[in-house]
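The lines below spell out each chain.
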Amino acid sequence: MQTKPFRIGTRGSPLALAQAHETRDRLVAAHGLSPEMFEVVILSTKGDRITDRSLAEIGGKGLFTEEIEQQLLSGELDFAVHSSKDMPTRLPDGLFLSAFLPREDIRDAFIGRTAPKLMDLPEGVTVGSSSLRRQALIRRLRPDINVITYRGQVETRLRKLSEGQVDATLLAYAGLKRLGMTDVPTELLDPEEFPPAPAQGAICIESRIGDSRVNDLLAAIDDARTHEAVACERGFLATLDGSCRTPIAGLAISDGTHLRFSGMILTPDGRTHHRVTIEGKATDAMALGQKAGEQIRADAGPGFFSSWI
Ligand SMILES: NCc1[nH]cc(CCC(=O)O)c1CC(=O)O
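Residues numbered from 1 in each chain as written. Predicted model: local features only at pLDDT ≥ 70, side-chain atom pairs only at ≥ 80, totals over all residues.

Per an unreviewed UniProt entry, the protein goes by the name Hydroxymethylbilane synthase and belongs to Ensifer adhaerens.

Right, here's the structure in full:
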């Protein structure tokens, strides 16, 4: 019988904490353990400390995970809870994404101050977003709109919006739901027109390869359909994403047997985009995502990527 609590690593933002607590609650319920068997350990990451520049500028993904992964590798943490969307496609040797919680709503939420819907915003207004994908999708649908980079925790972004720094912003509906802020969105965007980021809305758990004590514990709360869908989306991302500078969207849906994936890439100005759709066996999830990535790359041609990078 284990007596020392499992140490769960997380960032300290309200959203990160909500995700760590949801994971702990599910483990407690699945195993009939006492909540004291889990200790939530808060770590500050470079991505939390640097808030004045876009993620692409300061080095992209990895900024939210580096410090946490070091502590996983050194054994100070037993596992870590993350937004799968923030995870680099390549993890440090010795670590893997061992489990995924059932996925939340995958849609982007539009939060408008001067109009409730993206397509109803007055001409030439300013929308704040830090995501290259959201910026490009906005420009595609509303080329007249001025898009500015706009970072910070959910609460900070909403405060800046209410202070009038921007006319509207976009956030993942999943995050707002987990924070109990379901009344904040003024529109939920159609995923056909406004496809989500790969892995949006999915909480993942990262742990050490070969740590069977921890990985057996985590296996009980792994949601297979989410795991397959995110594996496919990350396969797509890994095939395309050399630089973190390409606006990429992708969504897979698995019914446990069969999986269907749709992906999209855009130029940052939103003027050009390409789409791909692929279907196959859920057990081939990652290979399907990679194949979709190769297809869309071939369809776009070399000029697509070299036009702005
Ligand atoms: N780095 C930002 C980030 N990473 C995960 C989420 C939301 C939750 C999710 O997609 O699971 C967010 C905020 C947002 O996009 O609004």
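There is more to say after this.
### Notes on the overall build of the protein
A count of helices and strands for the protein gives 11 helices and 13 strands. Dimensions of the protein, computed from the C-alpha atoms along their principal axes, are close to 65 × 45 × 35 Å. Of the contacts made within the protein by residues no fewer than 6 positions apart, 69% connect residues no fewer than 24 positions apart. (Helix = DSSP H or I, 4+ residues; strand = E, 2+ residues; numbered from the N terminus. Contact = placed C-beta atoms within 7 Å.)

### Digging into the site of the ligand
Residues in close proximity to the ligand include Ser83, Lys85, Asp86, Leu171, Ala172, Ala174, Gly175, Gln200 and Gly201, which together make up its full environment. Elements with a contribution of two residues or more to the shell around the ligand: β8 (168-172) and α7 (173-178). The class makeup of the residues in the shell around the ligand is 3 nonpolar, 4 polar and 2 charged. Each of domain 1 (1-102 + 202-222) and domain 2 (108-188) gives at least three residues to the shell around the ligand. (Near = placed C-beta within 6 Å. Nonpolar A, V, L, I, M, F, W, Y, C, P; charged D, E, K, R; others polar. Domains from an automatic or database assignment.)

### Topic: the sheet that holds strand β4 (residues 95-100)
Spatial strand order, β2-β1-β3-β10-β4: 5 strands in an open sheet with mixed pairing. Unpaired on one side and paired on the other, β2 (38-42) and β4 mark the two borders of the sheet. Averaged over all neighbouring strand pairs, the angle between strand axes comes to 30°, with direction disregarded. In this structure, strand β3 (residues 79-83) lies alongside strand β10 (residues 203-208), joined through 5 bridges in antiparallel fashion. (Pairing = 2+ DSSP bridges. Axes fitted to C-alpha atoms, helices over the stretch in contact; angles between N-to-C directions.)

### Considering the sheet that holds strand β5 (residues 108-112)
Taken in spatial order, the 5 strands line up as β7-β6-β8-β5-β9 in an open sheet, and their pairing is mixed. Strands with a single pairing partner mark the edges of an open sheet, and in this sheet they are β7 (146-148) and β9 (187-188). The pairing of β5 with β9 spans 2 bridges and is classified as antiparallel. When the bridges of β9 are listed, Phe110 appears paired with Glu187. Those strands touched by helix α5 (residues 132-141) are β5, β6 (126-128), β7 and β8, and its axis lies near 175° from that of β7. Contacting β5, β6 and β8, helix α6 (residues 154-162) runs over the sheet at an angle of about 160° to β8.

### Describing the domain arrangement of the protein
Looking at the protein, the domain boundaries give domain 1 (1-102 + 202-222), domain 2 (108-188) and domain 3 (224-309). On a C-alpha basis, the centres of domain 1 and domain 2 stand 28 Å from each other. Counting residues at the interface gives 9 residues for domain 1, matched by 11 residues for domain 2. Going through the elements one at a time, α1 (14-31) and α3 (55-58) are the ones with two or more residues in the side of domain 1 that touches domain 2. In terms of residues, the side of domain 1 that touches domain 2 owes the most to one element, α1, which gives 4 residues. Residue classes in the side of domain 1 that touches domain 2 are distributed as 5 nonpolar, 4 polar and no charged.

### Description of the nonpolar core
Generally speaking, soluble globular proteins have nonpolar side chains that are buried together. Judged by nonpolar contacts, the single largest core of 75 residues is most densely connected at Cys232, Leu259 and Phe261. Beyond its immediate stretch of four places on either side in the chain, Leu259 contacts Glu228, Ala229, Cys232, Ala252, Ser254, Glu279, Gly280, Ala282, Ala285 and Leu288. (Core = buried A, V, L, I, M, F, W, Y, C linked by C-beta atoms within 7 Å. Buried ≥ 20, exposed ≤ 12 C-beta atoms within 10 Å, placed from the backbone.)

### As for unusual backbone geometry
For residues besides glycine, phi is generally negative; the peptide bonds are generally trans as well. In this structure, Ala199 takes a positive phi of about 75° despite not being glycine. With respect to the helices and strands, Ala199 occurs in the loop between β9 and β10. A residue is classified by how many C-beta atoms lie within 10 Å of it, and Ala199, with 30 of them, is buried.

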